[in-house]
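Summary of structural features
Chain by chain, the residues:
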Amino acid sequence: MISAFLIVAAVIAADQITKYIIASHAALQNVTVINGFFHITYVQNTGMAWSMLSGQQALLSLVSAAAVCVMIWYLISKKPDRVTTVGIALMIGGAAGNLIDRLFIGAVRDFLDFYIFGYDFPIFNVADSCLCIGVALIIVWSLFCDHRKEEA
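In this report, the structure presented in the accompanying data block is examined. (Residues numbered from 1 in each chain as written. Predicted model: local features only at pLDDT ≥ 70, side-chain atom pairs only at ≥ 80, totals over all residues. Heavy atoms only, no water.)

Sheet strands pair via backbone hydrogen bonds, and the direction of the pair is either parallel or antiparallel. Within the open sheet, the 4 strands sit side by side as S1-S2-S3-S4. Their pairing is antiparallel. Each end of this open sheet is capped by a strand with a single partner; those strands are strand S1 (30-34) and strand S4 (119-120). (Pairing = 2+ DSSP bridges. Helix = DSSP H or I, 4+ residues; strand = E, 2+ residues; numbered from the N terminus.)

Here is the structure:
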């Protein structure tokens, strides 16, 4: 359980530090890292992915806070296996990192901007990455790996 909360703390710290660095240095807010593929483009998003529900900070904050609470409850009460615990910890850290932005800034700070096969993928941040990695980890584990321990 302690390791899960260390993961959560590390995700929040990495997310908030990277957001602070980009937001506080104008020279870093529009940088081409790999031309045509990866750019740092600082934006403040008042919505969620693809700017859906823009301007609905109260609703998005409430949903995020509820999700964090439910995931913490699940970790404490259900004591899932290690892989699921890591996935949930990544998700809690990501949701909490963006919730901090919503509560204190009124928008989520995004800056990672990728062009994938000519498609300008929506700009995201470390918290978003951890959320997606956590979800993917749990899905892959559930679909392809989790059943192996039951068969053994």
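Past the structure itself, the notes keep going.
Our focus in this paragraph is the side chain of Ser64. Summarising the element assignment, Ser64 is placed in helix H2 (residues 57-78). The buried category is assigned to Ser64, whose relative accessible area is 16%. One polar contact links the side chain of Ser64 to the main-chain carbonyl oxygen of Leu60, over a distance of 2.9 Å. Leave out the neighbours within four places in its chain, and Ser64 touches Leu99 and Arg102. (Buried < 20%, exposed > 50% of the residue type's maximum accessible area, 1.4 Å probe, protein only. Polar contact = N/O pair within 3.5 Å; in protein donor to acceptor, adjacent residues only side chain to side chain. Contact = heavy atoms within 4.5 Å.)

Let us now look at the packing of helix H1 (residues 2-24) against helix H3 (residues 82-104). Where H1 contacts H3, the axes come no closer than 8 Å and their chain directions differ by 35 degrees. Along this stretch, H1 crosses H3, giving a crossing that reads as right-handed. Here Ala4, Ile7, Val8, Val11, Ile12, Asp15, Gln16 and Lys19 of H1 lie close against H3, whose contacting residues are Thr85, Val86, Ala89, Leu90, Ile92, Gly93, Gly94, Ala96, Gly97, Asn98, Ile100 and Asp101. Its residues placed into classes, the contact of H1 with H3 shows 11 nonpolar, 6 polar and 3 charged. (Axes fitted to C-alpha atoms, helices over the stretch in contact; angles between N-to-C directions. Left-handed = near helix turned anticlockwise from the far one by under 90°. Nonpolar A, V, L, I, M, F, W, Y, C, P; charged D, E, K, R; others polar.)

On to the pairing of S1. Bridge analysis of S1 against strand S2 (residues 38-45) gives 4 bridges, and the strand direction is antiparallel. Counted as the bridge partner of Ile34 is Phe38 from S2. Where S1 folds back on S2, the antiparallel hairpin that results is connected by 3 residues, among which Gly36 adopts a positive phi of roughly 80 degrees.

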